[in-house]
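Close look at the chain arrangement
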Amino acid sequence: MSQTGLGACDERALLDAMVAFELALAEVQEQSGDVPPGASSEMRAWLAKAELPVASISEGVMQGGNVAIPFVKAARAVLPESLKRYWHQGATSQDVVDSALMLVIKPRLEALDALLLRCRAAAIALMDEYAQTPMVGRTLMQQALPITFGVKVAHWAIGLEQARRRLSELELPVQFGGAVGVHSGWDTQGLDWMDALAKRLGLATPVLPWHTDRQPIQALSAALSQTAGALDKLALDISLLTQTEVGEVAEPAAPGMGESSSMPHKRNPVRCALIRGAARQVYGHASVLINANAQPLERGLGEWHAEWAPLVESVLFVEGALEQAATLLEGLNVYPEAMQRNLAATGGGIMAEPVARLLAPVLGQDGAKRVAAEAAESARRTGQPYAEVLADDPEVAQGVSKDELRKACDPALYLGSSSAQVARAKKWLSN
């Protein structure tokens, strides 16, 4: 879905990240005196003028079970004999792959943050504009009581911002432990290299190598799923509000966007469909990643291998969905007149709950509920305004004035804490 993301996470990008890891390893080992002076620079020069065979490396994955094995062989093959022994020194395949994945994903998380900030800014603008705009609040898909469109947007914004903050707190750690995770043959030097590698590559420093401790992957997957869920909620609400019979909002118009192949009159909520489709991919990938959490002994057997594609694809699906969401929020068409029309769809019966509260001191709790419900049904059936139906009821007329009834039946006067919630949400979003 994201052309930018796909370009940054293709095979070449992964190979470049693996090269970056290996050269950084050689550099820190050179600094510690375990690689001859100048060797890392020579490696960099040789690799810069070499073209690693992507196709044959891809084919080699089947023999070794991961891309690092054919990659290390191919890269070593372009080095002179004097440097070969220092290539991939002290590392294992999982060190290369895990670290490379973290390097590939890091800029994508920065892109997600930028997109989420766009969504936040667009949502705040909508909250400001529609903080006082009444609309129907719906529960179990049915009209319930009035809210404002501003508070609806506030909930979307909070969900996305919570996801953004969780993503921003993630640590993408370097991986370096050697064959069985204890830097075999290098004693405590291995931990020094791990720390130096993290700093050089701009990754987090783990407490220990995490070959079969997949908490970093689980945290990333959970944060991506949370983001997908917030996007899914946004798209679901908007798509429901765009229905022909509802018509309270519409997706931004764009040439060819939302067209039907057979029905020229349609304007389909395509951006919402793309967002929701991407979310389902992320949910499915999260299931795979959760099931790969517990990995055996010192190296996963299939679990580690199952992580690679779902992890990268989840990042890309979320990025693509966020691109659509930002465009959606920035150009959303809002129709307050349709919201007002739908508030009146029941003839005012939507206000039966506040009317019952008004009538309770006069008719008692049960009597108030009965009269409010009967009047709501009569208003719906006859099309007569709810307040007028109530005013014609002798029981009501004896104890409540028409002005009191009118106020109790006005949705704009029964918005609860909607405005205060918008203000509260804006303050939290700005912190």
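Residue positions are counted from 1 within each chain, in the order its sequence is given. Under the rules for a predicted model, residues below a pLDDT of 70 receive no local features and side-chain atom pairs below 80 are neither given nor counted, while totals for whole chains, interfaces and linings still include all residues. Here the side-chain values reflect all heavy atoms present in the structure, with hydrogen atoms and water set aside.

It is worth spelling out the overall build of the protein chain at this point. Strands are runs of DSSP state E lasting at least 2 residues, helices are runs of H or I lasting at least 4, and numbering of each runs from the N terminus. When helices and strands are counted, the protein chain shows 19 helices and four strands. Here the globule rule is a power law, 2.2 Å times the number of residues to the power 0.38, and the radius of gyration is based on C-alpha atoms. Taking 2.2 N^0.38 as the reference for a compact globule, 431 residues should give roughly 22 Å; the C-alpha atoms of the protein chain span a radius of gyration of 30 Å, well beyond that estimate. Referenced to the eigenvectors of the C-alpha coordinate spread, the extents of the protein chain come out at roughly 105 × 50 × 35 Å. Type-normalised accessible area, obtained with a 1.4 Å probe on protein chains alone, sets the label of each residue: buried when under 20%, exposed when over 50%, and partly exposed for intermediate values. For the protein chain, with 431 residues in total, the buried portion stands at 49%. It only takes one pair of heavy atoms within 4.5 Å for two residues to be counted as in contact. Of the contacts made within the protein chain by residues no fewer than 6 positions apart, 75% connect residues no fewer than 24 positions apart. Reported accessibility uses the Shrake-Rupley method at a 1.4 Å probe radius. Residues are deemed covered only where the shown protein chains occlude them. Summing over all exposed atoms, the protein chain offers an accessible surface of approximately 20,100 Å²; the carbon and sulfur share of this is 55%. A residue counts as positive if it is Lys or Arg and as negative if it is Asp or Glu; His and the chain ends are not included. Charged groups are reduced to one reference atom each: NZ for lysine, CZ for arginine, CG for aspartic acid, CD for glutamic acid. Distance between charge centres in the protein chain, computed from 38 positive and 49 negative side chains, equals 4 Å.

Quick look at helix H7 (residues 93-129) now. The end-to-end C-alpha distance of H7 is 54 Å, a good match for the 54 Å that 37 residues give at a rise of 1.5 Å each. Maximum bend of H7: about 25 degrees, positioned at Ile-105, with proline Pro-107 one to four residues after it. One less than the number of residues in a helix, times 1.5 Å, gives the span that helix is expected to have. Fitting axes to the seven residues that end at a residue and to the seven that start at it, the angle between those axes gives the bend at that residue.

Our focus in this paragraph is the pattern of salt bridges. Every case where a carboxyl oxygen of Asp or Glu lies within 4 Å of a side-chain nitrogen of Lys or Arg is listed as a salt bridge. Taken as a whole and judged by the stated rule, the model has 23 salt bridges. The partner of Glu-27 in a salt bridge is Arg-44, and the shortest N-O contact between them spans 2.5 Å. Here Arg-44 lies in helix H3 (residues 39-48) and Glu-27 lies in helix H2 (residues 11-31), a separation of 17 residues in the sequence. Overall, the relative accessible area of 16% leaves Glu-27 in the buried class. Linking Glu-395 and Arg-370 is a salt bridge whose minimum nitrogen-to-oxygen distance equals 3.5 Å. Separated by 25 residues along the polypeptide, Glu-395 in helix H17 (residues 394-399) and Arg-370 in helix H15 (residues 365-382) bring together distant segments of the chain. Note on Glu-395: relative accessible area 36%, which makes it partly exposed. Residues participating in the shared-partner salt-bridge network are Asp-113, Arg-120, Glu-161, Arg-164 and Arg-165.

Nonpolar cores were defined as sets of buried Ala, Val, Leu, Ile, Met, Phe, Trp, Tyr and Cys residues, with membership established by side-chain atoms within 4.5 Å. Counting 105 residues, the largest nonpolar core has Phe-71, Trp-87, Met-102, Met-127, Phe-149 and Leu-197 as the members making the most contacts within it. Aside from chain neighbours lying at most four places away, what touches Phe-149 is Tyr-130, Thr-133, Met-135, Trp-156, Leu-241, Val-249, Leu-332, Val-334 and Met-339.

With that out of the way, let us pick up the environment of Pro-310. For Pro-310, the location among the structural elements is in helix H12 (residues 303-331). Under the relative-accessibility criterion, Pro-310 is labelled buried at 8%. The spatial distance from the C-alpha of Pro-310 to the C-alpha of Ala-423 is 39 Å, given a sequence separation of 113 residues. Those residues within four positions of Pro-310 in sequence are excluded, and the remaining contacts are His-285, Val-288 and Leu-289.

The next subject is unusual backbone geometry. Its identity as a non-glycine residue notwithstanding, Met-141 has a phi of 70 degrees, on the positive side. If you trace the backbone, Met-141 turns up in the loop between strand S1 (134-139) and strand S2 (142-148). Despite not being glycine, His-183 shows a phi value in the positive range, around 55 degrees. Locating His-183 in the fold gives a position in the loop between helix H8 (149-168) and helix H9 (189-201).

The pLDDT score gives, residue by residue, the confidence of the prediction method on a 0 to 100 scale. Here the protein chain shows a mean pLDDT of 93. Residues at 70 or above account for 95%. Scored below 50 in pLDDT, residues 1-8 shows 21 contacts in the model against residues more than four places distant or in partner chains.

What follows is about a nonpolar patch on the surface. A cluster of nonpolar side chains, Leu-191, Val-207 and Leu-208, forms an exposed patch at the surface whose accessible area comes to about 310 Å². Given a relative accessible area of 54%, Leu-208 falls into the exposed group. Patches were defined on residues exceeding 30% relative accessible area and lacking a salt bridge, with like-charge contacts within 9 Å and nonpolar side-chain contacts (Val, Leu, Ile, Met, Phe, Trp, Tyr) within 5 Å.

With respect to the secondary-structure elements, Asp-16 resides in helix H2. Asp-16 gets classed as partly exposed once you look at its relative accessible area, which sits at 44%. Here the alpha-carbon distance between Asp-16 and Leu-103, two residues 87 residues apart in the chain, equals 9.6 Å.

For the rest of this paragraph, the subject is the side chain of Lys-84. With respect to the element layout, Lys-84 can be found in helix H6 (residues 81-84). Within the buried core, Lys-84 has no salt-bridge partner, and the shortest N-O distance to an opposite charge, that of Glu-81, equals 4.3 Å. For Lys-84, the side chain forms a polar contact with the main-chain oxygen of Arg-76, separated by 2.8 Å. When residues no more than four places from it in sequence are discounted, the contact partners of Lys-84 are Arg-76, Ala-77 and Leu-79. Polar contact is the term for a pair of N or O atoms within 3.5 Å; when the atoms are in protein, one must be able to donate a hydrogen and the other to accept it, and sequence-neighboring residues count only if both atoms are side-chain atoms.

Moving on, we get to the pairing of S1. Two strands pair when backbone bridges link them, and S1 and S2 are joined in this way by five bridges, in the antiparallel orientation. Across the sheet, Val-136 pairs through a bridge with Pro-146, a residue of S2. Paired strands, as defined in this entry, are two strands with at least two bridges between them according to DSSP. The antiparallel pairing of S1 with S2 creates a hairpin that spans two residues between the two strands, and Leu-140 there sits at a positive phi of about 50 degrees.

This brings us to the packing of aromatic side chains. Working definition: a ring pair exists when centres of Phe, Tyr or Trp rings (six-membered ring for Trp) sit within 6.5 Å. Plane angles under 30 degrees give stacked, over 60 give edge-to-face, the rest tilted. On inspection of all chains with the given rule, the structure shows six aromatic pairs. Taking 6.3 Å as the distance between ring centres and 55 degrees as the angle between the ring planes, the aromatic pair formed by Phe-71 and Trp-87 counts as tilted. Separated by 16 residues along the polypeptide, Phe-71 in helix H5 (residues 68-77) and Trp-87 in the loop between H6 and H7 bring together distant segments of the chain. The same class applies to Phe-71 as to Trp-87, namely buried. Here the aromatic rings of Phe-149 and Trp-156 are separated by 6.0 Å at their centres, their planes lie at 85 degrees, and the arrangement is edge-to-face. According to the relative accessible area criterion, Trp-156 is buried, its value standing at 3%. Positioned above the aromatic ring of Trp-46 is the side chain of Lys-49, whose terminal nitrogen or guanidinium carbon lies 4.1 Å from the ring centre. Charges are assigned to positions over rings by a cutoff of 6 Å between ring centre and Lys NZ or Arg CZ, combined with an angular limit of 35 degrees from the ring normal.

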